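Summary of structural features
This is what each chain is made of:
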Amino acid sequence: MIRLADTPVLTTERLVLRAPQAGDWPAWRDFFESDRAGFVGGPMVQPGQSWRAFGHFIGHWVLRGYGMFVLTERGSDRALGAVGPWFPDGWPEHEIGWTLWSAGLEGRGYAQEAALAARDFALRTLGWSRPVSYIDPANARSISLARRLGALRDPKAEAPHFGDDRSPPHVFRHPAGAAA
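Now for a description of the structure that goes with this document. This structure is a prediction, so every number in the text was calculated from the model and none was measured.

1. Remarks on the nonpolar core
With 52 residues, the main nonpolar core has Leu17, Trp28, Phe57, Leu71, Val83 and Trp98 as its most contacted residues. If one sorts the elements of this core by residue count, helix α3 (residues 110-124) sits on top with eight residues. Apart from the residues lying within four places of it in its own chain, the contact partners of tryptophan 28 are Ser50, Ala53, Phe54, Phe57 and Trp101.

2. Digging into the packing of helix α1 (residues 25-32) against helix α2 (residues 49-64)
Viewed as axis vectors pointing N to C, α1 and α2 meet at an angle of 120°, and their least axial separation amounts to 10 Å. One way to sum up the angle between α1 and α2 is to call them oblique. In this structure, α1 crosses over α2, and the sense of that crossing is right-handed. Judged by residue contacts, Trp25, Trp28, Arg29 and Phe32 of α1 engage Ser50, Trp51, Ala53, Phe54 and Phe57 from α2. Of the residues in the contact of α1 with α2, the class split is seven nonpolar, one polar and one charged.

3. Describing the packing of aromatic side chains
Considering all chains together, one arrives at 13 aromatic pairs under this definition. Aromatic side chains phenylalanine 69 and phenylalanine 121 sit 5.4 Å apart centroid to centroid with 80° between the ring planes, which places their arrangement in the edge-to-face category. Here phenylalanine 69, found in strand β3 (residues 69-73), pairs with phenylalanine 121, found in helix α3; they are 52 residues apart in sequence, far enough to count as distant. Comparing phenylalanine 69 with phenylalanine 121, the two get one shared label, buried. By the ring-pair criterion, three or more aromatic residues cluster together here, those being Trp25, Trp28, Phe31, Phe32, Trp51, Phe54, Phe57 and Trp101.

4. What about α2?
Here α2 contains 16 residues, and its C-alpha end-to-end distance of 22 Å stays within 8% of the 22 Å for a straight helix at 1.5 Å per residue. Along its length, α2 shows its largest kink, about 30°, at isoleucine 58. If you check which residues of α2 are buried, you get Ser50, Ala53, Phe54, Phe57, His60 and Trp61. Positive phi shows up at glycine 65, right after α2, with a value of about 85°.

5. Observations concerning the pairing of strand β8 (residues 170-173)
The two faces of β8 match: His170 and Phe172 on one face and Val171 and Arg173 on the other face are all buried. With four bridges connecting them, strand β6 (residues 132-135) and β8 associate as antiparallel partners. The partner of tyrosine 134 across the bridge, within β8, is valine 171. As defined by bridge partners, strand β7 (residues 152-153) adjoins β8 across two bridges and the pair is classed as antiparallel. Bridged to arginine 153 within β8 is phenylalanine 172.

6. Looking at the environment of valine 171
Structurally, valine 171 is set in strand β8. Valine 171 sits in the buried class, given a relative accessible area of 3%. Every residue in contact with valine 171, bar those within four places of it in the chain, is listed here: Val132, Ser133, Tyr134, Leu152, Arg153, Asp154, Ala157, Glu158 and Ala159.

7. Brief notes about helix α4 (residues 140-148)
All of the buried residues in α4 are Ser142, Ile143, Leu145 and Ala146. The buried side chains of α4 occupy one side of the element, clustering within an arc of 160° when seen end-on. Opposite the buried face of α4, at more than 90 degrees from it, the exposed residues are Ala140, Arg141 and Arg147. Looking at the packing, one finds that the buried side of α4 touches β5 (95-100), α3, β6 and β8. In the segment just after α4, glycine 150 is the residue with positive phi, at about 90°.

8. Observations concerning the pattern of salt bridges
Opposite charge on two side chains permits pairing when their charged atoms draw close. Here the structure, examined in full by the defined rule, presents nine salt bridges. Linking aspartate 24 and arginine 18 is a salt bridge whose minimum nitrogen-to-oxygen distance equals 2.8 Å. This pair shows no difference in class: aspartate 24 is buried, exactly as arginine 18 is. Aspartate 30 is the salt-bridge partner of arginine 29, the closest N and O atoms lying 3.2 Å from each other. The exposure class assigned to aspartate 30 is partly exposed, which follows from its relative accessible area of 48%.

Parameters at a glance
- Residues numbered from 1 in each chain as written.
- Predicted model: local features only at pLDDT ≥ 70, side-chain atom pairs only at ≥ 80, totals over all residues.
- Heavy atoms only, no water.
- Core = buried A, V, L, I, M, F, W, Y, C linked by side-chain atoms within 4.5 Å.
- Buried < 20%, exposed > 50% of the residue type's maximum accessible area, 1.4 Å probe, protein only.
- Helix = DSSP H or I, 4+ residues; strand = E, 2+ residues; numbered from the N terminus.
- Contact = heavy atoms within 4.5 Å.
- Axes fitted to C-alpha atoms, helices over the stretch in contact; angles between N-to-C directions.
- Parallel < 35°, antiparallel > 145°, perpendicular 65-115°, else oblique.
- Left-handed = near helix turned anticlockwise from the far one by under 90°.
- Nonpolar A, V, L, I, M, F, W, Y, C, P; charged D, E, K, R; others polar.
- Phe/Tyr/Trp six-rings, centres within 6.5 Å; stacked < 30°, edge-to-face > 60°.
- Expected span 1.5 Å × (residues − 1).
- Bend = angle between axes of the 7 residues up to and from the residue.
- Pairing = 2+ DSSP bridges.
- Arc of directions from axis to C-beta.
- Salt bridge = Lys/Arg side-chain N within 4 Å of Asp/Glu carboxyl O.

Encoded structure:
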């Protein structure tokens, strides 16, 4: 199996953040085909829809030279979710995004720990100055995390247009110089 080469690996106290790989597909598929993915374009129920989205997820690394990391616990390669820099074509601004792929992972601080490391990477390595996070207005857990990260809602910022019936996301702007 071919892997993305020369991609950064970030480590935190409990986590490893790495580029996606083929073995992450079952966890990705299960998440994106579930109701849990409702805030990030799911559930993807049309045949091949989650497969194409996984290709987009991996292809972002090839096209941009960076992308969202898959987070795993140290000592395990089991994919728990995704976090990191995201800037697909048509996005108004650079984003720091996050998802945990299982409800059983919530409340452990994984998303915050991973988002801090990914944001630090985007600020220090990619040279981003004030990234945003685009969050569905009904996603209370992600809004709470954005606030814990020091991000503030920016109602004047442009949000991406998804071309479907989803509500436009709220834009949360991360503080300048927020690197750890």
